[in-house]
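Residue strings, one per chain:
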Amino acid sequence: AGGGPLLPDSVLYEIFLYLDHVDVLSVGLVCQQWHAVARDEFLWKELFYRYYRISREVPRHPAAVSWYDEFQRLYDTIPCVEVQALKEHNDQVLHLSFSHSGCLFASCSKDCTVKIWSNELDISLQHSSNMRPYNWSYTQFSQFNSDDSLLLVSGVFVGPHNSSSGEIAVISMENFTLLSRVRNKPYDVFGCWLNETNLISGNLHRIGRITSCSVLWLNNAFQGIESENVNVVKRLFKIQNLNASTIRTVMVADCSRYDSPDLLLDYEEQLAASSTSTCPVFDLGSDSEEEEAKPKQTPEPAVQELPDDGGVRAEDGLQQLFDDIMEGRVRPAMTETELETKVAELFVRNRTKPPELNLLSTDSNSKTKYLIFTTGCLTYSPHQIGIKRILPHQMTTAGPVLGEERRSDEFFDSLDHVIDIHGHIIGMGLSPDHRYLYVNSRAWPRDCVISDPMQPPPIAEEIDLHVFDLKTMKEVKRALRAHRAYTPNEECFFIFLDVSRDFVASGAEDRHGYIWDRHYNICLAKLQHDNVVNSVAFSPVEQELLLTASDDTTIKVWRSPRVVRIQQARKPRPRKLLFSWLMNQKS
């Protein structure tokens, strides 16, 4: 009625109940009354809260004109209609990434290829690069640089004696030639672009059995063709790792747009009012409203406090520890692992450059960027998010290869901010404006104690989706649940998520991709695959287009019902067979 899209049957049923004519009201009568009903704001507001089971404390989307339009947006603009399945990969598809223009996207796979696709009405394969000649086992991640001229591809490299590490390759989008290769260790650092021509990689140096040092390097993408008199690499940061932890999953956030985000997620900030109320975890996989209202059972993420040294010098602390051990004053007796960690903590205490003190006072016009990565301090499984500010003078490979000169008491770099997730982190993604960080994690049991760093706690099957405001460094209190994972700690793998202006999507091990609304925190769609969904990607210029990649070797293309109707209306209708037969007989 009124030329608008058809409503789902469940919505019509809600209208029947609301109008109290469920027994006598016919579809025809609904159509006759549609013009009056369609603009009844009170009706649509009531339907909206009831249909989506949203708390009435949640305000309408700040960009919405009316409740009717908002209802239409949520059921008609979600990319939930499968329009194409791409089957050119012959093994598990691990990652998807769009170019910034939205014209191309790349896919990585266990078949050891990276494929470049042309994003047209019917998506087609444009190029495929096989990385096996470079001793790669598989490709795992890709990212276009800011002007879409270069593609970073990360993979697992097989070295001497079948040892595995990581490697990053840079491919030109002009002619698909390989420009450079950079070693990357461990391989799940992945790597990322810092700017148009410089990328970040990692290296790992073992100090003890469970103690190591992560070094993050800035690399020039054109290493093979630059002059030998110009540096093509420079050390960014050198960070100590305790209890078998390492730095992984690096990404860069640009701080310049924090004061003009696409969407503010804090309702009180939207309404310019303060509130201390907290929001529960919404278990969207449940049909029970009572279960959805249960408070979160895991501790909320918190800033990691640095240990207080009590004014004791590191050398004095080490000597005191050794004296206590030799004279039997350490009770109970320390294990070898505990002793190594204690010595490493004392050693690094006075040999670490202090953190930046004004991390939260970033000028909105500044060129400052944040390096964000997963890390830990208790066990090898990534359970913390580390944040380190990158200053403008650090964004070029010019200068000494080992970075600015360091004093002996600044051997290591400290983290500027640490967020403890209390669980195994399995995915991270930034909002398009880089204001919010979304984190997939599998929670540890409440009040668990880790006595052995090589034996992390068991992890939940439910995946929590946390949201952090990078301007305030605080969690937005709306952890979401719907998707699930089943692998244990030692087999746990990364599940990539993606964020558009209004939606957030994620893969899962339960053979589905999921889409949520960022403002209302509701699960809007489940996207079916035949195996684990590893990665999702929104088009950066059209959020009604979503890609999903799966272990079933396919990439599925999803569009919204609105776009599908428009495309179908544009297609020429075939002439009826009878009419064609008559025309042939006449001729």
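Residues numbered from 1 in each chain as written. Predicted model: local features only at pLDDT ≥ 70, side-chain atom pairs only at ≥ 80, totals over all residues. Heavy atoms only, no water.

1. Digging into the sheet that holds strand S6 (residues 136-144)
Right, so step 1: Sheet architecture is open: four strands sit in the order S6-S7-S8-S9, paired in antiparallel fashion. Strand pairing shows two members of the sheet lacking a second neighbour, S6 and strand S9 (178-184), which therefore form its edges. Averaged over all neighbouring strand pairs, the angle between strand axes comes to 25°, with direction disregarded. (Pairing = 2+ DSSP bridges. Helix = DSSP H or I, 4+ residues; strand = E, 2+ residues; numbered from the N terminus. Axes fitted to C-alpha atoms, helices over the stretch in contact; angles between N-to-C directions.)

2. Considerations on the UniProt feature "repeat: WD" (unreviewed entry) in the protein
Right, so step 1: Per the UniProt record, "repeat: WD" (unreviewed entry) is found at residues 86-118 and 526-558.
Right, so step 2: In residues 86-118, the share of helix is 0% and the share of strand is 58%. The end C-alpha atoms are 12 Å apart. (UniProt positions renumbered as here; feature names shortened; annotations may be inferred.)

3. Overview of the sheet that holds strand S1 (residues 81-86)
Right, so step 1: Taken together, the four strands give an open sheet; going across it, the order is S1-S32-S31-S30, and neighbouring strands pair in antiparallel fashion. Since the sheet does not close on itself, it has two edges, and those belong to S1 and strand S30 (533-539), each with one partner. Each strand axis lies, on average, 25° off the axis of its neighbour in the sheet, ignoring direction.
Right, so step 2: Where strand S31 (residues 542-550) meets strand S32 (residues 555-559), five bridges bridge the pair, whose relative direction is antiparallel. Opposite Ala549, over in S32, you have Ile555 as the bridge partner.
Right, so step 3: In the packing of helix H9 (residues 561-570) onto the sheet, contacts are made with S1, S31 and S32, and the angle to S32 comes to roughly 85°. (Contact = heavy atoms within 4.5 Å.)

4. Regarding the environment of Glu70
Right, so step 1: Relative to the elements of secondary structure, Glu70 occurs in helix H4 (residues 67-76).
Right, so step 2: Between the C-alpha atom of Glu70 and that of Arg60, which follows or precedes it by ten residues, the distance is 8.1 Å.
Right, so step 3: Ignoring anything within four residues of it in the chain, the contact list for Glu70 reads Phe48, His61, Ala64 and Tyr520.

5. A look at the confidence of the model for the protein
Right, so step 1: Per-residue pLDDT for the protein averages 81, and the proportion of residues at 70 or more is 71%.
Right, so step 2: This stretch, residues 273-300, has a pLDDT under 50; its non-local contacts, to residues over four places away or in other chains, come to 53 contacts.
Right, so step 3: Confidence drops under pLDDT 50 across residues 303-312; counting only partners more than four residues distant or on other chains, this segment forms eleven contacts. (pLDDT = per-residue confidence, 0-100.)

6. Quick notes on the packing of aromatic side chains
Right, so step 1: Under the defined criterion, the tally for this structure stands at 21 aromatic pairs.
Right, so step 2: Each ring, one from Trp44 and one from Tyr68, has its centre 5.2 Å from the other, and the planes form 65°; the classification is edge-to-face. Remark: Tyr68 occurs in helix H4 and Trp44 occurs in helix H3 (residues 41-52); sequence separation between them is 24 residues.
Right, so step 3: Among the aromatic residues, ring-to-ring pairing joins Trp44, Phe48, Tyr49, Tyr51, Tyr52, Trp67, Tyr68, Phe71, Tyr75 and Tyr520 into one connected group.
Right, so step 4: Its end group placed over the ring of Tyr138, Lys110 keeps NZ or CZ at 5.0 Å from the ring centre. (Phe/Tyr/Trp six-rings, centres within 6.5 Å; stacked < 30°, edge-to-face > 60°. Lys NZ or Arg CZ within 6 Å of the ring centre and 35° of its normal.)

7. Section: unusual backbone geometry
Right, so step 1: Between Lys185 and the following residue, Pro186, the backbone shows a cis peptide bond with an omega angle of -5°.
Right, so step 2: Positionally, Pro186 belongs in the loop between S9 and strand S10 (192-193).
Right, so step 3: A positive phi angle is found at Thr249, which is not glycine, with a value near 50°.
Right, so step 4: In this structure, Thr249 sits in strand S14 (residues 248-254).
Right, so step 5: Under the relative-accessibility criterion, Thr249 is labelled buried at 6%.
Right, so step 6: Even without being a glycine, Thr553 presents a positive backbone phi close to 75°.
Right, so step 7: For Thr553, the position within the fold is in the loop between S31 and S32. (Buried < 20%, exposed > 50% of the residue type's maximum accessible area, 1.4 Å probe, protein only.)

8. Re the environment of Asn440
Right, so step 1: Locating Asn440 in the fold gives a position in strand S23 (residues 436-443).
Right, so step 2: Judged by relative accessible area, Asn440 falls into the buried class, the value being 0%.
Right, so step 3: Sequence-wise, Asn440 and Ile495 are 55 residues apart; in three dimensions their C-alpha atoms are separated by 7.8 Å.
Right, so step 4: Excluding its chain neighbours within four sequence positions, the residues that come into contact with Asn440 are His424, Ile425, Ile426, Gly427, Ile463, Asp464, Leu465, His483, Ile495, Leu497 and Ser506.

9. With respect to the nonpolar core
Right, so step 1: The biggest cluster of nonpolar side chains holds 28 residues, and the ones touching the most others in it are Phe48, Tyr52, Ile54, Ile515, Tyr520 and Leu546.
Right, so step 2: Of all the secondary structure elements, the ones that give two or more residues to this core are H3, H4, strand S27 (503-506), strand S29 (522-528) and S30.
Right, so step 3: Two domains each donate at least three residues to this core, and these are domain 1 (9-77) and domain 2 (81-260 + 366-569).
Right, so step 4: Residues within four places of Phe48 in sequence aside, it is in contact with Arg53, Ile54, Trp67, Glu70, Phe71, Leu74 and Tyr520. (Core = buried A, V, L, I, M, F, W, Y, C linked by side-chain atoms within 4.5 Å. Domains from an automatic or database assignment.)

10. Comments concerning the pairing of strand S8 (residues 164-172)
Right, so step 1: Most of S8 is tucked away: eight of the nine residues are buried.
Right, so step 2: In the sheet, S8 pairs with S9 via six bridges, with the strands oriented antiparallel. Within S9, the position partnered with Glu167 by the bridge is Arg183.
Right, so step 3: Linkage of S8 to S9, two consecutive antiparallel strands, is achieved through a turn of five residues, within which Phe176 is found at a positive phi near 60°.

11. Some words on H3
Right, so step 1: Its twelve residues give H3 an end-to-end C-alpha distance of 16 Å, which sits within 8% of 16 Å, the value for a rise of 1.5 Å per residue.
Right, so step 2: Turning to H3, its buried residues are Leu43, Trp44, Glu46, Leu47, Phe48, Tyr49 and Tyr52.
Right, so step 3: Note on H3: the residue one or two positions beyond its end, Arg53, has a positive phi of about 55°. (Expected span 1.5 Å × (residues − 1).)

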